[in-house]
Amino acid sequence: MAMSQMRSPLGRVLGLGSAKEGVEHWWMQRLTAIAMVPLAIWFTICALGMIGADRAAMVVWMHSPMSPVFAILLIVAAIYHLSLGLQVVIEDYVHSEGWKLGLIIVMRLWCIVLIGRGVLAVLTLAFAAS
Amino acid sequence: MISDPRPLSPHLQIYRWQLTMTLSILHRITGVGLAVGAVLLVSWFGSAADGAVPFAKFQGFLGSPIGLVMLFGCSVALFYHLSNGIRHLVWDTGHGLDLKSVYVGGWTVLVATVALTVIVWGAGLSVWRH
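Residues numbered from 1 in each chain as written. Chains lettered and ligands numbered in written order. Predicted model: local features only at pLDDT ≥ 70, side-chain atom pairs only at ≥ 80, totals over all residues.

## Some remarks on the overall build of chain B
Logical step 1: Along its length, chain B carries 4 helices and 0 strands.
Logical step 2: Overall, chain B shows an N-to-C arrangement of helices and strands of α-α-α-α.
Logical step 3: Against the globule reference of 14 Å for 130 residues, chain B gives a C-alpha radius of gyration of 20 Å, more extended than a compact globule.
Logical step 4: Overall, chain B is about 70 × 35 × 25 Å in size when its C-alpha atoms are taken along their principal axes.
Logical step 5: Taken over 130 residues, chain B has a buried fraction of 21%. (Helix = DSSP H or I, 4+ residues; strand = E, 2+ residues; numbered from the N terminus. Rg over C-alpha atoms; globule rule 2.2 N^0.38 Å. Buried ≥ 20, exposed ≤ 12 C-beta atoms within 10 Å, placed from the backbone.)

Shown next, in the form of structure tokens:
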């Protein structure tokens, strides 16, 4: 029997099977990881300069052309990356299907809220009067 | 009675300790820790966007004993996860998967983590005092 005929007729008609997204999780985890290598180093150096700083210093920092771009990229990449990682952790250790699904949904929504808060905060500083 | 004496996967309690197993679980533990660090990161930008007083309060919290412990934990976790993440990316290219390279890479990651922690906290504390 050929491989294509091992699927049920109904499944073939409905186009069921692979969601064509098999490597999406793996790929996005690597992409965000690679992006964060320079971004994390950049942020660590900048954060050292913000020790004991007041809000005015943050505004000056976020008024330079590329800083808010890097800050937003770091926030988005970090939270995307951690949502993929936490998803695997939940899948590995939570064995009840209901809890597993529920926790992943809550975690994902929480991540979206965090991204929203972070990006808006950086933009607020970038456009704040100096 | 064992009818089919196939090899069994050993339990962790009787498995001989190896560096690689510790580094592996540390990658996951530091990853989950950095998820908390991401909340700290977003809160930091968020408080600055909220105003001078909320930001001063948050900076004060980061300088408090609890805040410093959190910052230290997050920075060590970042340096480890960053170094070991690069090790993972090298593996993804199909290189360094032989036993010797796995151990050389593992020790390199530990040395890099300690070195980065000492350099960044040395720089940070010298800035902070002034």
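That covers the picture; the talk isn't over yet.
## Brief notes about the interface of chain B and chain A
Logical step 1: Of the residues lining the interface, 29 residues belong to chain B; the matching set on chain A comes to 26 residues.
Logical step 2: Of all elements in the fold, only α1 (19-50), α2 (52-63), α3 (65-92) and α4 (99-129) of chain B reach the threshold of two or more residues within the side of chain B that touches chain A.
Logical step 3: Broken down by element, the side of chain B that touches chain A gets its largest block of residues, 13 residues, from α1(B).
Logical step 4: Here the side of chain B that touches chain A is built from residues that sort into 21 nonpolar, 6 polar and 2 charged. (Contact = placed C-beta atoms within 7 Å. Nonpolar A, V, L, I, M, F, W, Y, C, P; charged D, E, K, R; others polar.)

## A closer look at the packing of helix α2 (residues 24-49) of chain A against α3(B)
Logical step 1: The contact between α2(A) and α3(B) brings their axes to 10 Å, and the two run at 135°. If you check the angle between α2(A) and α3(B), you find them oblique. Between α2(A) and α3(B) lies a crossing whose hand is left-handed. Residue-level contacts link R30(A), A33(A), I34(A), V37(A) and A40(A) of α2(A) to L78(B), L82(B), G85(B), I86(B), L89(B) and D92(B) of α3(B).
Logical step 2: The residue makeup of the contact of α2(A) with α3(B), split by class, is 8 nonpolar, 1 polar and 2 charged. (Axes fitted to C-alpha atoms, helices over the stretch in contact; angles between N-to-C directions. Parallel < 35°, antiparallel > 145°, perpendicular 65-115°, else oblique. Left-handed = near helix turned anticlockwise from the far one by under 90°.)

## A few points about the confidence of the model for chain B
All names here are of chain B.
Logical step 1: Confidence along chain B averages 93 in pLDDT terms, with 97% of residues attaining 70 or more.
Logical step 2: Here α4 is the element of chain B with the lowest mean pLDDT, 95, and α3 is the one with the highest, 98.
Logical step 3: Across the assembled chains, the prediction reports ipTM 0.89 with pTM 0.88. (pLDDT = per-residue confidence, 0-100.)

## Looking at the packing of helix α3 (residues 55-62) of chain A against helix α5 (residues 97-126) of chain A
All names here are of chain A.
Logical step 1: Between α3 and α5, whose axes approach to 8 Å, the crossing angle comes to 90°. One element, α3, and the other, α5, form an angle in the roughly perpendicular class. Facing M58, V59 and M62 of α3, the residues of α5 in contact are V122, L125 and A126.
Logical step 2: For the contact of α3 with α5, the per-class residue count stands at 6 nonpolar, no polar and no charged.

## Observations regarding α4(B)
Residue and element names in this part refer to chain B.
Logical step 1: Here α4 is 31 residues long and its end C-alpha atoms lie 45 Å apart, about the 45 Å a rise of 1.5 Å per residue gives.
Logical step 2: The complete set of buried residues in α4 reads G105, V109 and T113.
Logical step 3: Where α4 is buried, its residues contact α1 and α3. (Expected span 1.5 Å × (residues − 1).)

## What to know about the nonpolar core
Logical step 1: I75(A), A38(B), F45(B) and A48(B) are the most contacted members of the largest nonpolar core, which has 32 residues in total.
Logical step 2: The set of elements that each furnish at least two residues to this core consists of α2, α3, α4 (67-93) and α5 of chain A together with α1 and α3 of chain B.
Logical step 3: Per-element tally for this core: the top contributor is α1(B), with 9 residues. (Core = buried A, V, L, I, M, F, W, Y, C linked by C-beta atoms within 7 Å.)

## Observations regarding the environment of F55(B)
Residues and elements named next belong to chain B.
Logical step 1: Tracing the backbone shows F55 in helix α2.
Logical step 2: Judged by C-beta crowding, with 23 C-beta atoms within 10 Å, F55 ranks as buried.
Logical step 3: Taking the C-alpha atoms as reference points, F55 and S43, 12 residues apart in sequence, are found 9.4 Å from one another.

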